[in-house]
Amino acid sequence: RAEAEAAEAAEVAAEVAAWAKKSLALREANSRELEAAAAGSANENARAEEEARAPVVEQASQAHAPEELPALGPSPARAADAEPAPSDGAAAGGAWREEAEEEEEAPRVAKQVPRVTRGRKRYRGFRYEARQDTRQARRRQPKVVVVGAGFAGVAAAARLQKEYGYQVELLEARGRIGGRVHSLLDGEGTTVELGAAVLMGTRGHPLATLCRKHSVKMERLEPSCPLHDSETGRQLPPELDARVESLFNDALDSASAAARAPHASALFAYAGAELEVESRGEWRRALVVARRTGTPRRGPSHGAASSSSSPPGATPPTAAPPPVVDEAAEEAEAEAEVEVSARVTRASPVPPLVPPPVLTAAAAAAAAGEPPRRRADSEYSSETPPTLPSPGEPAADLASEALVRYLPPAEKRAAPGKGRAEEEVEEWIALPSARLRPPALETALAGALRARRAASAADDLGGEEMAGAAERALQWHLANLEFACAASLGNVSAAEWDQDDAFDYEGDHVLLPEGGYQGLLHRLADGVEARCGITVTGIEMRDNPSGIRAVCKESNEVIAADALVLTVPLGVLQTPPEAGGIRFTPPLPHRKLDALGRLGFGLLNKVALWFDAPFWGRHSDFFGRTVADPQDRGLFFLFLNLHRVSGQPVLLGLVAGGAAERLEELDDEQAVQAAVGALRGMFGASVPEPRKHVVTRWGADPHSRGSYSYVAAGARGSDYAVAAEPVGGQLFFAGEHTSVEHPATVVGAYLSGLAAATAVHKMLRKKAAGPAAPQQQEVERRAASPPPSKRAAAPRREPASAGKRRRRR
């Protein structure tokens, strides 16, 4: 230690000598008072050097006037705490500070001399103080925890660390970064995207711009997609495919427009339909029990009185029973009415595209295993599912009334025959009504397709055989729509399913053949360290200096931070804590919980197959498969041909809708045999067995619980914005499920991560600045409030392009 101190003292002496040459010339005019003070300081230096056993520094102290060191040390209170801490930068800083003070007045220097001329110890104290200041500044730097290392998490962490300079701790539950982006490199030159695959639209696309910046190759995909009929083993004629696609697009546009129209409730409120009914500011599922037309009866249960409705959960005050009328009028009305049709649940298949069978209410109840109703069936009339008008066609006069029965939430529905009091809450509602809306795209689309098919006879499609092929092709388009929404059509909102179409990017759809999406993500994550294998099971928000805390499962640690950005998938947020979800303390606000619960989180699975040689057409990047059974329409309905892009004979089979859920119940061998069977139905029995395969099960993955989000029946596009709202100025959210403009996409996740990072930076900067005046707070509040919605003014995509775009999504 003595040797180290001696070496340090020699270094200090050399620095002091260099500085002294310049300062002596400026001190010639000092008085005897300065010399006396210098003598006293020399004695202090001698005692200090004797204590430190450093004679070299003593010589340096005696060789120079004591006033030469007026600003080299801290205050006397800090001198005793001084410790050696070599730092050339700090030493240079100390000398610079002294030179800056040389030009000060001599009396001021004289007053400072007696207390700052401790020589080596003072200088070392200054250097130690500089190091301590750096450590304190580092400790005061805000810390942000980012949970999830997908595109949203990496984008947020990179901006917070690289652009804003915060301490960032990036946590990932999996053993890799990427999340639902999983690019599998097979070692043979092929990149197989088991998660997100296609970059849709290169014009103005932020990720396409990043690909160009980082020299990531983009391979254009051909837009054609021939359909192979599994019943005949032949490819469908292109003209038939084009006609069916045109019919499907027209029906889809009609269904969406009708669902958004003011008279939508009158179109879809037929007996047996399941709708959404607004009651006390909330939307509840309800079943249309009956419907009647004509002059409304007088009474408290009709007209304006029906619009006020008694809330579900309690027996309505005499609103449901119809008024008593004379027997003759009852018989006359009964003759003009139709029996109540069977209940049409949201899980019923669309394929037959014919009205459901007309049954009596007693027969329908018996088929459903329900007890008899407490009213006579002849009291009410019913209608079959409507035939929707063409886009732009005015709707007919649909004034009537519908009797709706409120259904309890799914988790509260009792077993048959038990606890049916809540399900008996009914009311009449005058139509059309803004309080009713069709919940499912399947319901609206079935009526629209019924109208289009009624206008197209079988011989118009080329005879009975072609009509069967056209029906199977129509099922393919329905499966493709389920692929776009990642869910069965019975679960998708009819009015809001395409709310993000106006924000789609134009241009080619491309693959990233060299490393895939994950390769691009690793370039974005350069310089950002991620801790993999860390599962966050709890988030505690505290209104104290400890800030927000993340509770980790594997490491049993609690990580405190000033802010936390949560980018886990929607499926994880919808999972209860006891089932593997995240426990929030305190719980999230009801507004956010409701929005997260209304949105849907769908499923798409893939099966990758490696062959020795291609047996399919090499010129098309996609080819589809049609089936006769509507329940299997999503089972390997589409194959992505990677041979043209990679040069390797690899096929990627897609499974959507309900078939994606059933696939997860199969083992790998069964899933592969199902894929090979589908290929043999298209290309013949000579299709060989694959030499290698990979099967995904995103629904069973505890870190995703599904594939991507969609606007479920009863939800709205604005729920995405609510899902993105921060909580308590500490907890921020990002991910594709928080993007209004680009949900269910990689670019939506990426942009949401950047937005969350910016929001965190603004919050921390505001917190560091302290509370602002009330006027300034109002200005900031108005500046932070979102502008009026741009969706209303955004042009919608031309209807004719919907089918082709959705095919490749």
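Conventions and cut-offs
- Residues numbered from 1 in each chain as written.
- Predicted model: local features only at pLDDT ≥ 70, side-chain atom pairs only at ≥ 80, totals over all residues.
- Heavy atoms only, no water.
- Helix = DSSP H or I, 4+ residues; strand = E, 2+ residues; numbered from the N terminus.
- Expected span 1.5 Å × (residues − 1).
- Pairing = 2+ DSSP bridges.
- Axes fitted to C-alpha atoms, helices over the stretch in contact; angles between N-to-C directions.
- Salt bridge = Lys/Arg side-chain N within 4 Å of Asp/Glu carboxyl O.
- Buried < 20%, exposed > 50% of the residue type's maximum accessible area, 1.4 Å probe, protein only.
- Phe/Tyr/Trp six-rings, centres within 6.5 Å; stacked < 30°, edge-to-face > 60°.
- Lys NZ or Arg CZ within 6 Å of the ring centre and 35° of its normal.

Draft legend 1. Structural detail: helix H24 (residues 746-769). Here H24 is 24 residues long and its end C-alpha atoms lie 35 Å apart, about the 34 Å a rise of 1.5 Å per residue gives. Of the residues flanking the end of H24, it is Gly-770, one or two places downstream, whose phi is positive at about 90°.

Draft legend 2. Region of the structure containing the sheet that holds strand S1 (residues 143-147). The 5 strands are arranged S14-S2-S1-S18-S27 in an open sheet whose pairing can be described as parallel. Each having just a single partner strand, strand S14 (530-532) and strand S27 (731-733) make up the two edges of the open sheet. Averaged over neighbouring strand pairs, the angle between their axes works out to 20° when direction is ignored. As judged from the 4 bridges shared by S1 and strand S18 (residues 563-566), these two strands associate in the parallel manner. Counterpart to Val-146 in the pairing with S18 is Val-565.

Draft legend 3. Seen up close, the pattern of salt bridges. Here the structure, examined in full by the defined rule, presents 29 salt bridges. One salt bridge connects Lys-217 with Glu-219, and the closest N-O pair in it is separated by 3.7 Å. The residue Arg-472 makes a salt bridge to Asp-229 at a minimum N-O spacing of 2.7 Å. Placement of Arg-472 in helix H16 (residues 464-485) and of Asp-229 in strand S7 (residues 227-229) is noted, with a sequence separation of 243 residues between them. Overall, the relative accessible area of 14% leaves Arg-472 in the buried class. When its relative accessible area of 2% is taken as the criterion, Asp-229 is described as buried. Sharing partners across several salt bridges, the network here consists of Lys-143, Glu-169, Arg-531 and Glu-557.

Draft legend 4. Examining the packing of aromatic side chains more closely. Enumeration over the complete set of coordinates arrives at 11 aromatic pairs. For the ring pair Phe-615 and Trp-616, a centre distance of 4.9 Å and an interplane angle of 90° mean the geometry is edge-to-face. Exposure remark for Phe-615: the relative accessible area of 23% places this residue in the partly exposed category. We classify Trp-616 as buried; its relative accessible area is 5%. Judged by centre distance (5.6 Å) and plane angle (20°), the rings of Phe-623 and Phe-639 are stacked. Of this pair, Phe-623 sits in strand S22 (residues 622-626) while Phe-639 is found in strand S23 (residues 638-641), placing the two residues 16 residues apart along the sequence. You can call Phe-639 buried: its relative accessible area is 0%. Here a set of aromatic residues connected by ring pairs shows up, and it is made of Phe-611, Phe-615, Trp-616, Phe-623, Phe-636, Phe-639 and Phe-683. The positively charged end of Lys-592 is found above the aromatic ring belonging to Phe-733, 4.1 Å away from the centroid.

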